[in-house]
Amino acid sequence: MTVFEELKARGLLAQLTDEEEIKELINNGKATFYIGFDPTADSLHVGHFMALCLMKRLQMAGNRPIALIGGGTGMIGDPSGRSDLRTMMTKETIDHNCECFKKQMSRFIEFGDRLEEGSSKALMVNNADWLMDLNYIEFIRDIGVHFSVNRMLTAECYKQRMEKGLSFLEFNYMIMQSYDFYHLFQSHNCNMQFGGNDQWSNMLGGTELIRRKLGKDAHCMTINLLTDSQGNKMGKTAGNAVWLDPNRTSPYDFYQYWRNVEDADVMKCIRWLTFLPLEQVDEMDGWTGSQLNQAKEILAWELTNMVHGKEEADKAQNAAKALFGGGGDRADMPSTELTIDSFGDGEIGIMNLLVACGLAPSKGEARRLVQQGGVTVDGEKVEDIHKSYTGEDLSGEGIVLKRGKKKFCKVVMQQAIKR
């Protein structure tokens, strides 16, 4: 099966400028393609998974990826899918985020120093390198003349922002993204751009600019966005994103996110995101009932292994089994060590304990959780907000503190309290 046939069989493809030409390029390793990433944080998140997996699949087929970091466009902000104005960042913040991205991307694709003829090694570029030095008058005379304002205003990416007021700053985003493709086409023989299907209008602007300026053809292809059965973007909820950085989202929490996807979403995620053979995925398509739980465990392990490595994936799986009754090693559970300084009068209250473990952001929230019956210790519901624990209670293997059905923490004493 060719890489194009596999992408199609996995249901990844959305829009294409020329299916036959794109098929010819990527099946024969002739595509030098780029995907853009906004450096709005110091970590990639689950929403980037589709792009990272696509880059990996295409590089495995001999094509050359370019990871374009929007250091220049990031100072404006992409209005696509937004109803508010993005926060503008400093150059120092953007540079730091770029370094973090490259480290995380390296688990998916192999980077080189430059795109050499015949090599499929990836390159990371920052569009600040060419956008920041542009002369405004020259730019609008040379590039702006090829864009129709009337046509731009019909683009899907501007519709939501226009309801609340689209700034001229944001209006420039499509032109700059199109210029990126034009620049990469000339400097790196980049003949394709890939992205999520919410980027289609911006991507077409690039192919049109190349055609008008150079009289040559370039192509773009979009893939489906990673959404749940309700149409919401997965792992990208504002303020509650699922990050690839283990310091932001622990490997265990990352594993649990995928282990707890809805039944309706699990097989789609396995088909789109894992590298399991399609024959195996097709066999799993008919799974129901308890088999879906097995499918979720497979999904969670495969993706955690991809992002954090086999050791962390195994630990996360063992921790989940230990907590939810399937065996496993309790030592691998997420844990918090408390010192004697955490205790007042030799005891620590349940509300302080929840805050100390990160299971509640404040004592007020902790109180509410206990009063609503959402807290258990070693499987027993805590009903008294004044419940407290001694150092002896937390000695040895400690206790397992649980919030709701899915969030928990093993709590142990670093040293026993001396009386």
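Residues numbered from 1 in each chain as written. Predicted model: local features only at pLDDT ≥ 70, side-chain atom pairs only at ≥ 80, totals over all residues. Heavy atoms only, no water.

1. Quick look at the packing of aromatic side chains
In this description, a pair of aromatic rings is defined by centroid distance and the angle of the planes. Heads up, the condition is: Working definition: a ring pair exists when centres of Phe, Tyr or Trp rings (six-membered ring for Trp) sit within 6.5 Å. Plane angles under 30 degrees give stacked, over 60 give edge-to-face, the rest tilted. Helix and strand definitions follow DSSP, with helices as H or I runs of at least four residues and strands as E runs of at least two, each counted in order from the N terminus. Any residue under 20% of the maximum accessible area for its type is buried, any over 50% is exposed, and the rest in between are partly exposed; the area is computed with a 1.4 Å probe on protein chains only. Counted as over-ring charges are cases with an Arg CZ or a Lys NZ within 6 Å of the ring centre that also lie within 35 degrees of the ring normal.
In the structure shown here, the tally under the stated rule is 9 aromatic pairs. Pairing phenylalanine 33 with phenylalanine 194 gives two aromatic rings, centres 5.1 Å apart and planes at 35°, and the pair type is tilted. In this pair, phenylalanine 33 sits in strand S2 (residues 32-37) while phenylalanine 194 sits in strand S5 (residues 192-196), placing the two residues 161 residues apart along the sequence. Assessed through its relative accessible area of 1%, phenylalanine 194 is described here as buried. The ring of phenylalanine 275 has lysine 56 sitting right over it, with the charged end atom 5.5 Å from the ring centre. A cation sits over an aromatic face here: lysine 268 above tryptophan 272, 5.3 Å from the ring centre.

2. Some details on the pairing of S2
Condition: Two strands qualify as a pair provided DSSP detects at least 2 bridges between them. The definition of a right-handed crossover adopted here requires that, viewed with the strands pointing away, the path from the first strand over the helix to the second runs clockwise.
Among the 6 residues of S2, 5 are classified as buried, and the element is accordingly described as predominantly covered. Across 6 bridges, the pairing between S2 and strand S3 (residues 64-69) is parallel. Paired with phenylalanine 37 across the strands is isoleucine 69, a residue of S3. The parallel pair S2 and S3, bridged by helix H3 (residues 49-60), forms a crossover whose chirality is right-handed. Two elements, S2 and S5, share 2 bridges in a ladder whose sense is parallel. Within S5, the position partnered with tyrosine 34 by the bridge is glutamine 193.

3. Here we look at the confidence of the model for the chain
What counts, and what does not: The pLDDT score gives, residue by residue, the confidence of the prediction method on a 0 to 100 scale. In this analysis, two residues are considered to be in contact whenever any of their non-hydrogen atoms come within 4.5 Å of each other.
For the chain, the average pLDDT comes to 84, and 87% of its residues sit at 70 or higher. Segment residues 81-86: pLDDT under 50, and 14 contacts once partners within four positions in sequence are set aside and those in other chains are kept.

4. Here we look at the nonpolar core
Under the convention used in this document: We call a set of buried residues a nonpolar core when its members are Ala, Val, Leu, Ile, Met, Phe, Trp, Tyr or Cys and they connect through side-chain atoms within 4.5 Å of each other.
Counting 71 residues, the largest nonpolar core has Ile26, Phe37, Phe49, Met105, Trp258 and Leu273 as its most contacted members. In this structure methionine 105 touches Phe37, Leu44, Leu52, Ala67, Ile69, Phe111 and Met124, once residues within four positions along its chain are discounted. Counting 25 residues, the second largest nonpolar core, distinct from the first, contains Ile143, Phe147, Ile175 and Ala218.

5. Overview of the sheet that holds strand S13 (residues 407-413)
If you walk across this open sheet you meet the 5 strands as S7-S13-S12-S9-S10, and the pairing is mixed. Each having just a single partner strand, strand S7 (335-338) and strand S10 (380-381) make up the two edges of the open sheet. Bridging between strand S9 (residues 375-377) and S10 involves 2 bridges; their strand directions are antiparallel. Pairing of valine 377 across the sheet is with glutamate 380, part of S10.

6. Comments concerning the pattern of salt bridges
To be explicit about the condition: We count a salt bridge whenever a side-chain nitrogen from Lys or Arg sits within 4 Å of a carboxyl oxygen from Asp or Glu.
Counted according to the given criterion, the structure contains 18 salt bridges. Measuring nitrogen to oxygen at the nearest pair gives 3.8 Å for the salt bridge that ties aspartate 198 to lysine 233. Taken together, the residues aspartate 198 in the loop between S5 and helix H11 (200-214) and lysine 233 in the loop between strand S6 (219-223) and helix H12 (251-259) connect sequence positions 35 residues apart. On the basis of relative accessibility, which here comes to 26%, the residue aspartate 198 falls in the partly exposed class. Judged by relative accessible area, which is 36%, lysine 233 ranks as partly exposed. Across the salt bridge formed by aspartate 282 and arginine 271, the nearest N and O atoms sit 2.9 Å from each other. Residue aspartate 282 is found in helix H14 (residues 278-284), and its partner arginine 271 is found in helix H13 (residues 263-273); the two are separated by 11 residues along the sequence. A single salt-bridge network, built from bridges that share partners, covers Glu6, Arg10 and Arg57.

7. As for helix H4 (residues 91-105)
Cut-off, in case you're wondering: Between the first and last residue of a helix there are one fewer steps than residues, each counted as 1.5 Å, and that sum is the expected span.
Its 15 residues place the ends of H4 21 Å apart at the C-alpha level, agreeing with the 21 Å of an ideal helix rising 1.5 Å per residue. Looking only at H4, the buried set comprises Ile94, Asn97, Cys98, Cys100, Phe101, Gln104 and Met105.

8. Observations concerning the packing of H12 against helix H16 (residues 310-323)
Using the following cut-off: Note on definitions: angles span 0 to 180 degrees between N-to-C directions of axes, and those axes are lines fitted to C-alpha atoms, for helices only across the stretch in contact. Angles below 35 degrees are treated as roughly parallel, those above 145 as roughly antiparallel, those between 65 and 115 as roughly perpendicular, and all remaining angles as oblique. Rotating anticlockwise by less than a right angle from the far helix to the near helix defines a left-handed crossing, while the corresponding clockwise rotation defines a right-handed one. All amino acids are sorted into three groups, where Ala, Val, Leu, Ile, Met, Phe, Trp, Tyr, Cys and Pro are nonpolar, Asp, Glu, Lys and Arg are charged, and the leftover types, Gly among them, are polar.
Packing of H12 against H16 leaves a shortest axis separation of 9 Å and a crossing angle of 70°. The angle between the axes of H12 and H16 places the two elements in the roughly perpendicular class. For the pair H12 and H16, the crossing hand works out as right-handed. Where H12 abuts H16, its residues Pro251, Tyr252, Tyr255 and Gln256 lie against Glu312, Ala313, Ala316, Gln317, Ala319, Ala320 and Leu323. Residue composition of the contact of H12 with H16, grouped by class: 8 nonpolar, 2 polar and 1 charged.

9. Quick look at H3
Given a rise of 1.5 Å per residue, 12 residues ought to cover 16 Å, and the 16 Å separating the end C-alpha atoms of H3 matches this to within 8%. Among the 12 residues that make up H3, 10 are buried, leaving the element largely enclosed by the rest of the structure. Taken residue by residue, H3 has Phe49, Met50, Ala51, Leu52, Cys53, Leu54, Met55, Arg57, Leu58 and Gln59 as its buried positions. Just downstream of H3 lies glycine 62, where phi reads positive at about 95°.

10. Section: the packing of H12 against helix H15 (residues 290-308)
The N-to-C vectors of H12 and H15 enclose an angle of 145°; their axes lie 8 Å apart at closest approach. As for how H12 packs across H15, the hand of that crossing is right-handed. Side by side, H12 and H15 meet where Pro251, Phe254, Tyr255, Trp258 and Arg259 of the first sit next to Asn293, Lys296, Glu297, Leu299, Ala300, Trp301, Leu303, Thr304, Val307 and His308 of the second. By residue class, the composition of the contact of H12 with H15 is 9 nonpolar, 3 polar and 3 charged.

11. Some remarks on unusual backbone geometry
Positive phi, normally seen in glycine, also occurs at asparagine 189, with a value near 55°. Tracing the chain through its elements places asparagine 189 in the loop between helix H10 (173-188) and S5.

12. A few points about the environment of asparagine 191
Threshold: Polar contacts, as counted here, are pairs of nitrogen or oxygen atoms within 3.5 Å of one another; within protein the pair requires one atom able to donate a hydrogen and one able to accept it, and residues that are adjacent in sequence qualify only if both atoms are side-chain atoms.
Counting through the fold element by element, asparagine 191 comes out in the loop between H10 and S5. With near-sequence residues (within four places) excluded, asparagine 191 lies in contact with Leu25, Lys30, Ala31, Thr32, Phe181, Phe185, Ala218 and His219. Of the polar contacts made by the side chain of asparagine 191, one reaches the backbone oxygen of lysine 30; its length is 3.2 Å.

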